[in-house]
Amino acid sequence: MKLVMLTYLEGDEKCVDRLLDELQVQAFSRMPVEGHGPSGSSGWYGAGAPYRSGLILVFTEDEKATAILAGVQACTAVEDPSHPIRAFLMGVEDAAACGCDRPEAAG
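For clarity, every value in this text was computed on a predicted model and none was experimentally measured. (Residues numbered from 1 in each chain as written. Predicted model: local features only at pLDDT ≥ 70, side-chain atom pairs only at ≥ 80, totals over all residues. Heavy atoms only, no water.)

Some words on the state of the cysteines
Now for step 1: As enumerated under the stated definition, the model contains zero disulfides in all.
Now for step 2: Just so you know, cysteine 75 is unpaired, no disulfide at all, and the nearest cysteine sulfur is the one on cysteine 15, 3.9 Å from it. (Disulfide = S-S within 2.5 Å.)

A look at the side chain of threonine 60
Now for step 1: Relative to the helices and strands, threonine 60 is located in strand S3 (residues 51-60).
Now for step 2: A distance of 3.2 Å separates polar atoms of two side chains, one belonging to threonine 60 and the other to glutamate 61.
Now for step 3: Excluding its chain neighbours within four sequence positions, the residues that come into contact with threonine 60 are Met1, Lys2, Ala65 and Ile68. (Helix = DSSP H or I, 4+ residues; strand = E, 2+ residues; numbered from the N terminus. Polar contact = N/O pair within 3.5 Å; in protein donor to acceptor, adjacent residues only side chain to side chain. Contact = heavy atoms within 4.5 Å.)

Topic: the pattern of salt bridges
Now for step 1: Under the definition given, this model contains three salt bridges.
Now for step 2: Its salt-bridge partner being arginine 52, residue glutamate 10 comes within 3.0 Å of it at the nearest N-O pair. One end of the pair, glutamate 10, is in the loop between strand S1 (2-9) and helix H1 (13-22); the other, arginine 52, is in strand S3, and 42 residues separate them in sequence.
Now for step 3: Overall, the relative accessible area of 40% leaves glutamate 10 in the partly exposed class.
Now for step 4: Arginine 52 gets classed as exposed once you look at its relative accessible area, which sits at 62%.
Now for step 5: Glutamate 13 serves as the salt-bridge partner of arginine 30, at 3.6 Å between the closest nitrogen and oxygen. Of this pair, arginine 30 sits in strand S2 (residues 29-35) while glutamate 13 sits in helix H1, and the two are 17 residues apart along the sequence. (Salt bridge = Lys/Arg side-chain N within 4 Å of Asp/Glu carboxyl O. Buried < 20%, exposed > 50% of the residue type's maximum accessible area, 1.4 Å probe, protein only.)

Shown next as structure tokens:
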């Protein structure tokens, strides 16, 4: 099992959604995040303005994780090419779930 983390500018959300839909990724977690990084000018307040960004976490099989990374590499039409959609692949060593009754076990 793998964990894929996607980061992207808010304006690229439709592109990321389309990619996940094309790859039939149906289970994921999405969070809005405030991105910070170097900027070309200091802006009104003396520092670069934060970026409105998104973060998606996908726990999936190895093959699907590889397909997500390949899909991200193929993306070319992003809001700001200096802030591309990024994907990070991490191995999941182990996983656990609470001991709640599962619907398939009830009966």
